[in-house]
Amino acid sequence: REWLTSPEKVRNLTVSRLCERRVITAVNGKLPGPTIWVREGDTLLVHVVNLSPYDITIHWHGVLQKQSGWADGPNMITQCPIRPGGSYTYRFNVSGQEGTLWWHAHTSFLRATVHGALIIRPRNHSFPFRQPHRQVPILLGEWWNADVGDLEKQAFLTGGGIVNISNAFTINGKPGHLYTRCKNHTYKLEVVAGKTYLLRIINSAVNSELFFKIAGHAFTVVAVDASYTKPYDTDVVVIAPGQTVDALMVTDAPSARYYMASQPYFSSLNGPPSFDSTTATAIVRYADADDAPPEMPRMPAFNDTPTAHRFYTNLTGLRRPGTPTVPLEAEEHMFVTVGLGVLACEPTQVVCNRSRGTLGASMNNVSFRFPTSMSLLEAHFSGFHEAEYQPDFPDHPPAMFDFTNNSLNTDPRLAPLLHTQRGTKVKKVKYNATVEMVLQNTAFVGTENHPLHLHGFNFFVLAQGFGNYNATTARSRYNLVDPQVRNTIGVPAGGWAVIRFVANNPGVWIMHCHLEQHVPLGLATVFVVEDGTTPDSILPPPPPDFPAC
Ligand code: C2O
């Protein structure tokens, strides 16, 4: 079945939040944008009309894009942007996937307001858990009293790479009662007693991992990132930007009103927390409840890493017939450092200390630079690649050392590591190779949990832990039986994670930190997977209306 959605129009819109009227860029006049409901196996055609003043691309976060890499969406990676006044039809299929995903702009910070849920229902209506009474998308977000299209530019040119913090957290676009100036902007969920609700929770916040709770209610997590998990009972959901969590909630509490609450998980081990510290709230209201004040859940502390780690590591995958099992061996082994560091100033930066440099970020000491003249996918598949990228992204950092000890920054032997280089370096992988990546957090400029998102693939999470990765002890902890499957992994602050995936999808796939402010700093790399030999392993040519640069 093909779905032709009504044209999704991206345009400017005036909304009022926190008692201020603001012009934002949004889709079809809504914040969050429309929820796209489809079924497994459907082909989607989404006609995007850009009536905004910004360049736009849309990414279908978590959609594998098998043989449709042209539709993936990251700006200058798989396509050039849709210019103001332009349009483009994304066409892709969602076979073999079901669960909660989402779509968002993949240009600058615009995803703060240009995003929505993409929900893939099972083809035959059968969930591997009890049929819910209702399914409710819950988008956790962030709000700026500012033009988000300009935040990144301003941070880069004059802010030393640091983006202003957001003014509010939101639930389905609304900050809620605790932002005392404007109590009227609160999302409300009406429920009836004795039913099961499937909450499809999405972290669409730009720069914050979040804790999510509902007073008086517990959850059973049944899926993350549109991959089923073994049912996991918890009273708190922990979710990094880019991730999704499907949680069942039974309305078995006394008839009343209850707050749902979203609050940052601030994992940084250095410095004072820098975020708006108000908790976003929404209201769960039982039919017949009176107007007594809602009960507030007890939230974890902002820096409650043990709670976050428990949630992230307790999840296991649900083994089902027909779904891929974890490969027991890998052909490509990569050890990749991830973190912030210091870079030489760019000539265009207005405010930058020329001798000390500027804030940057890197993977294996390479700070990713986006190409400017042609998308990497186009460059690669039309054979002009050398001008656009170098296929020498390293499999290891330039030196092994204590990645978690900040004081080693001064050791002269580590000087090469401090001199991060900018470059458009990609990792070439042959079709169908199994790739194992150890992702190791560094502590050059603080350390925090970096949610790394891989386009084009789901990966198995074999293990994660704190300190420096140690092959011997880590391997004994690999889950090669029922690992969770994800598209975004929070690499623990001062720690590491190991993932494995099969490169069975020809195309050009970015992997990047989903804390948006780390992307312009360079926390990204790209996998180039060449065509295979069988017809179904070959990327077809781009569509006729593909945006040109
Ligand atoms: Cu949700 Cu590359 O992003």
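Calculation criteria
- Residues numbered from 1 in each chain as written.
- Predicted model: local features only at pLDDT ≥ 70, side-chain atom pairs only at ≥ 80, totals over all residues.
- UniProt positions renumbered as here; feature names shortened; annotations may be inferred.
- Helix = DSSP H or I, 4+ residues; strand = E, 2+ residues; numbered from the N terminus.
- Pairing = 2+ DSSP bridges.
- Axes fitted to C-alpha atoms, helices over the stretch in contact; angles between N-to-C directions.
- Core = buried A, V, L, I, M, F, W, Y, C linked by C-beta atoms within 7 Å.
- Buried ≥ 20, exposed ≤ 12 C-beta atoms within 10 Å, placed from the backbone.

S.K.: Before we go on, may I ask you to explain the UniProt feature "domain: Plastocyanin-like" (unreviewed entry) in the protein in this structure?
M.R.: UniProt marks residues 10-124, 135-287 and 393-531 with the feature "domain: Plastocyanin-like" (unreviewed entry), using the numbering shown here. As a span, residues 10-124 carries 0% helix and 46% strand, and end to end its C-alpha atoms are 33 Å apart.

S.K.: Before we go on, may I ask you to explain the sheet that holds strand 11 (residues 168-171) in this structure?
M.R.: Hydrogen bonds between backbone groups are what pair the strands of a sheet, and the pairing can be parallel or antiparallel. Spatially, six strands are ordered 11-10-13-18-15-16 in an open sheet, and the strand pairing comes out mixed. Looking at the sheet topology across the chains shown, the edges are occupied by strand 11 and strand 16 (227-234). Recorded for the sheet is a direction-independent mean angle of 20 degrees between the axes of neighbouring strands. Relative to strand 18 (residues 244-250), strand 13 (residues 196-203) runs antiparallel, the two being bridged by seven bridges.

S.K.: Would you mind going over the nonpolar core with me for this structure?
M.R.: One broad trend across soluble globular proteins is that nonpolar side chains are buried collectively. Ranked by size, the top nonpolar core spans 146 residues in total, and within it Leu140, Ile201, Leu439 and Ile499 carry the most contacts. Here the element with the most residues in this core is strand 31 (residues 495-502); it accounts for six residues.

S.K.: Which parts of the structure should I look at to understand the sheet that holds strand 12 (residues 188-191)?
M.R.: Strands sit in the order 12-20-19-14-17 across an open sheet of five strands; the sheet is mixed. Either end of the sheet is taken by a strand with one partner, and the two such strands are strand 12 and strand 17 (237-239). Between one strand axis and the next, the sheet turns by 20 degrees as a mean value, whatever way the strands run. Pairing between strand 12 and strand 20 (residues 280-286): four bridges, direction parallel.

S.K.: How should I be thinking about unusual backbone geometry in this particular structure?
M.R.: Glycine aside, residues mostly have negative phi, and peptide bonds are mostly found in the trans state. Omega for the bond connecting Leu31 with Pro32 falls within 30 degrees of zero, at -10 degrees, which places this linkage in the cis form. With respect to the helices, strands and loops of the structure, Pro32 is situated in the loop between strand 3 (20-27) and strand 4 (36-39). Positive phi outside glycine occurs at Cys19, with the angle close to 65 degrees. Tracing the backbone through its elements, the reader meets Cys19 in the loop between strand 2 (8-17) and strand 3. When the 11 C-beta atoms within 10 Å are taken as the criterion, Cys19 is described as exposed. A positive phi angle is found at Ala226, which is not glycine, with a value near 60 degrees. Take Ala226: it is sitting in the loop between strand 15 (219-224) and strand 16.

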